[in-house]
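# Notes for the structure review
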Amino acid sequence: MKKSVAIAGGGIAGLSAAVFLAEKGFKIKLFESSPKLGGRAYSFYDRDRKMFFDNGQHLLAGWYKNTFDFLKIIGTYNDLKFQSNLEIDFLDTYKQKLKLKSSGLRPPFNLLSALISFPGFTGKEKLSVLKLRALMNGKSFDNFSNTAELLDSLGQTGNLMKYFWEPFILAVFNTAAKNVSVNVFMNVISKGFSDENGFKLVIPSNDLNQLLIDRAEEYLLSRGNEIEKSVRIIGAVLNSSDDHFITEDTRKIKADHFISAVPFHSFRGVFGNTSGPDHICAERLRSSSIVSVHIFLKDNCNLEFLKDNPLGMTGLIGTKIQWIFKKSESYFSVVISGADELGVTELSSEEIADLCIEDLEKCLNGFSGEMIKDYKVIKEKRATFIPDNESDSLRPKQLTGIKNFYIAGDWTDTGLPSTIESAIQSARICSDHICKTEGI
Ligand SMILES: Cc1cc2nc3c(=O)[nH]c(=O)nc-3n(C[C@H](O)[C@H](O)[C@H](O)COP(=O)(O)OP(=O)(O)OC[C@H]3O[C@@H](n4cnc5c(N)ncnc54)[C@H](O)[C@@H]3O)c2cc1C
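These numbers were taken from a predicted model, which means no experiment stands behind them.

What the protein chain contains, in helices and strands, is 12 helices and 20 strands. What you see for the protein chain is a C-alpha radius of gyration of 22 Å, in line with the 22 Å of a compact globule of 440 residues. Taken along the three principal axes of its C-alpha coordinates, the protein chain extends 70 × 55 × 35 Å. Considering the protein chain as a whole, with its 440 residues, one finds that 57% of them fall into the buried category.

In structure tokens, the structure reads:
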């Protein structure tokens, strides 16, 4: 008989654990408390506008190896657009267009060459780029208490921060450099340099449901697995002869293995009484928000003023908006990461729209707020956790000390920031260990 695995949480960690294990022949019972799968990465239908929106633009990078494996299994890997070389267009508040473009050299020279040739840096700043070689030779930076201090010690000041490190760090870590642990920062840098595609950007060509959710659900259901939505797991009895999850409607869910894939802020409430992981204080992790605004232009206006580039993505410098994603000739979305730190999350939708218009008018030649027909603001208040120094000690391992209980989720100890790759890497660790235990 097939061995069974019960999973609490149908976000990307829970779904990918289910898919990895189903592929190896396990019988999956997946429970998701909300009516939809996908957790913090999903699309929803807007009845007024008759279209799907993602809850926020998700970008991947060439180092998302576990994510690519997951997408290959469910059959959506080819829905990703890969950059052939790292290339990003920026616009600043002087309406200057600046291109960060790497040569086809091997890492780390691809990134170094991109920075050295970037038009926004002074001669002295270009010389400071060479100091970044220290990041690539395995040196320990334990003596720095955060990434801002580390970068400062490497001469990364002025325009180097403004035009490169600040946008890069906000995009990857969703917070400022002073809140990023050196450990997590260095893990991303070494992943980026681990192969020639590491720092290239990868963008989904479909919405998040099509890329990550729908086909994973089909994959699981077509193989006889069970998915129950709108069913909350409220506790577990483990380390006993009668191991089970308990559902809100008081059912006992028995299985051979159990995975928690709930977010950090729910973990203690659900599994805190389970002997073993009671030392986990993940609820002390801090969250950071992301605000996205979808902007539609009037019928006689178009996005000519937005320079076309292969990914349809432009960075803004010196503004609260950090990225613009061109969706069609009359529709684009903008992203504000670290939105609470910037004081944006608490603003009303109208105030956020005004702020966007101000930023866009400052940077885009030919743009005026008068061109806007309609907009939609999406606030994700708990988009990511903040990967600060304290988080290093709060993130639990995936193996718990209870022989058949595992923890997956972007917030577990993967050494990575709060990303799809961290969620899927954690799922991979759980699934590999379950397979090993069962001799598969
Ligand atoms: C706006 C936005 C933009 C982002 N941009 C990027 C990006 O560009 N690149 C990137 O890599 N990442 C990005 N992320 C982060 C990424 O979405 C997350 O890291 C990832 O989705 C986390 O997945 P998870 O499964 O670990 O957690 P979650 O998505 O939080 O999933 C946990 C699931 O558990 C369910 N649950 C909770 N309690 C219970 C219970 N008791 N019983 C059953 N189910 C329960 C929840 O409903 C949820 O579905 C972004 C996130 C947001 C919000």
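Taken together, 33 residues are adjacent to the ligand, and Glu32, Arg40, Leu59, Tyr64 and Asp410 come closest. Ala13 has a polar backbone atom sitting 2.8 Å from an oxygen atom of the ligand. Contacts to the ligand include Glu32, whose side-chain N or O atom sits 2.6 Å from an oxygen atom. For the ligand, the protein covers 93% of the area, taking 1,000 Å² as the surface of the free molecule. Put simply, the parts of the chain that give the shell around the ligand at least two residues each are α1 (12-23), β2 (27-32), α9 (264-271), β19 (372-385) and α12 (420-437). Tallied by class, the residues present in the shell around the ligand amount to 16 nonpolar, 12 polar and 5 charged. Viewed by domain, the shell around the ligand spans two of them, domain 1 (4-61 + 206-285 + 387-437) and domain 3 (287-385), each represented by three or more residues.

In total, this model carries 24 salt bridges according to the counting rule given. Of the charged contacts, one joins Arg49 and Asp374 as a salt bridge, the two residues approaching to 2.9 Å between their closest N and O atoms. One end of the pair, Arg49, is in the loop between β3 (43-46) and β4 (51-54); the other, Asp374, is in strand β19, and 325 residues separate them in sequence. By relative accessible area, which is 23% here, Arg49 ends up partly exposed. A residue is classified by how much of its surface remains accessible, and Asp374, at 27% relative accessible area, is partly exposed. Linked through salt bridges whose partners overlap, the residues forming this network are Asp46, Arg49, Asp374 and Lys376.

With that settled, the discussion passes to the sheet that holds strand β12 (residues 244-247). Read from one edge of the open sheet, 3 strands run β11-β12-β13, paired in antiparallel fashion. Of all the strands in the sheet, the pair left with one neighbour each is β11 (233-237) and β13 (252-254). Adjacent strand axes in the sheet meet at a mean angle of 30 degrees when their direction is disregarded. As paired strands, β11 and β12 are joined by 4 bridges and run antiparallel to one another. The partner of Val237 across the bridge, within β12, is His244.

Turning our attention to the environment of His58. Tracing the sequence through the fold places His58 in the loop between β4 and β5 (60-61). On the basis of relative accessibility, which here comes to 18%, the residue His58 falls in the buried class. With 150 residues separating them along the chain, His58 and Leu208 place their C-alpha atoms 7.9 Å apart. Sequence-distant contacts of His58, defined by excluding residues within four places in its chain, comprise Arg40, Ala41, Pro204, Leu208 and Ile420. At a separation of 2.8 Å, a polar atom in the side chain of His58 contacts the main-chain carbonyl oxygen of Gly56.

Reports of interface size often rely on the accessible area that becomes lost once the parts have come together. Looking at the assigned domains, one finds that the protein chain contains domain 1 (4-61 + 206-285 + 387-437), domain 2 (84-88 + 101-198) and domain 3 (287-385). With centres defined by C-alpha atoms, the gap from domain 1 to domain 2 works out at 32 Å. Contacts between the two partners involve 11 residues from domain 1 and, on the opposite side, 14 residues from domain 2. For the pair domain 1 and domain 2, the summed buried area comes to about 890 Å², and 56% of that belongs to carbon and sulfur atoms. Ranking the residues of domain 1 by area buried against domain 2 places Pro387, Asn389 and Pro417 at the top, with a combined share of 47%. Linking domain 1 with domain 2 are 0 salt bridges, by the criterion used here. At the boundary of domain 1 and domain 2, one finds 5 residue pairs in polar contact (both at pLDDT 80 or more). Considering only residue class, the side of domain 1 that touches domain 2 consists of 4 nonpolar, 4 polar and 3 charged.

Omega for the peptide link from Pro107 to Pro108 comes to 0 degrees, which places this bond in the cis form. If you trace the backbone, Pro108 turns up in the loop between β8 (97-101) and α3 (109-116). Phi angles above zero are rare outside glycine, and Lys95 is one such case at about 60 degrees. Positive phi, normally seen in glycine, also occurs at Asn239, with a value near 65 degrees.

This part is about the pairing of β12. Looking down a regular strand, the side chains alternate between one sheet face and the other. In this antiparallel pair of consecutive strands, β11 and β12, the connection spans 6 residues, and Asn239 shows a positive phi of 65 degrees. One ladder, built from 3 bridges, connects β12 with β13; its direction is antiparallel. Pairing of Phe245 across the sheet is with Ile253, part of β13. Linkage of β12 to β13, two consecutive antiparallel strands, is achieved through a turn of 4 residues, within which Thr250 is found at a positive phi near 60 degrees.

This part covers the environment of Glu421. By the secondary structure assignment, Glu421 is in helix α12. Spatially, the C-alpha atoms of Glu421 and Tyr64 are 5.5 Å apart, while their sequence positions differ by 357 residues. When near neighbours in sequence (up to four residues on either side) are disregarded, Glu421 contacts Trp63, Tyr64, Lys65, Asn66, Thr67 and Leu416. Looking at Glu421, its side chain comes within polar contact range of the main-chain nitrogen of Lys65, at 3.4 Å.

We now examine α12. Over its 18 residues, α12 runs 26 Å from end to end, which matches the ideal 26 Å to within 8%, given 1.5 Å per residue. Looking at α12, one finds that the buried residues are Ile420, Glu421, Ser422, Ala423, Ile424, Gln425, Ser426, Ala427, Cys430, Ser431, Ile434 and Cys435. Gly439 sits one or two positions beyond α12 and adopts a positive phi of about 70 degrees.

Scoring rules and cut-offs
- Residues numbered from 1 in each chain as written.
- Predicted model: local features only at pLDDT ≥ 70, side-chain atom pairs only at ≥ 80, totals over all residues.
- Heavy atoms only, no water.
- Helix = DSSP H or I, 4+ residues; strand = E, 2+ residues; numbered from the N terminus.
- Rg over C-alpha atoms; globule rule 2.2 N^0.38 Å.
- Buried < 20%, exposed > 50% of the residue type's maximum accessible area, 1.4 Å probe, protein only.
- Near = heavy atom within 4 Å.
- Polar contact = N/O pair within 3.5 Å; in protein donor to acceptor, adjacent residues only side chain to side chain.
- Areas by Shrake-Rupley, 256 points an atom, 1.4 Å probe, with all protein chains shown as cover.
- Nonpolar A, V, L, I, M, F, W, Y, C, P; charged D, E, K, R; others polar.
- Domains from an automatic or database assignment.
- Salt bridge = Lys/Arg side-chain N within 4 Å of Asp/Glu carboxyl O.
- Pairing = 2+ DSSP bridges.
- Axes fitted to C-alpha atoms, helices over the stretch in contact; angles between N-to-C directions.
- Contact = heavy atoms within 4.5 Å.
- Buried area = accessible area lost by both parts, 1.4 Å probe.
- Expected span 1.5 Å × (residues − 1).

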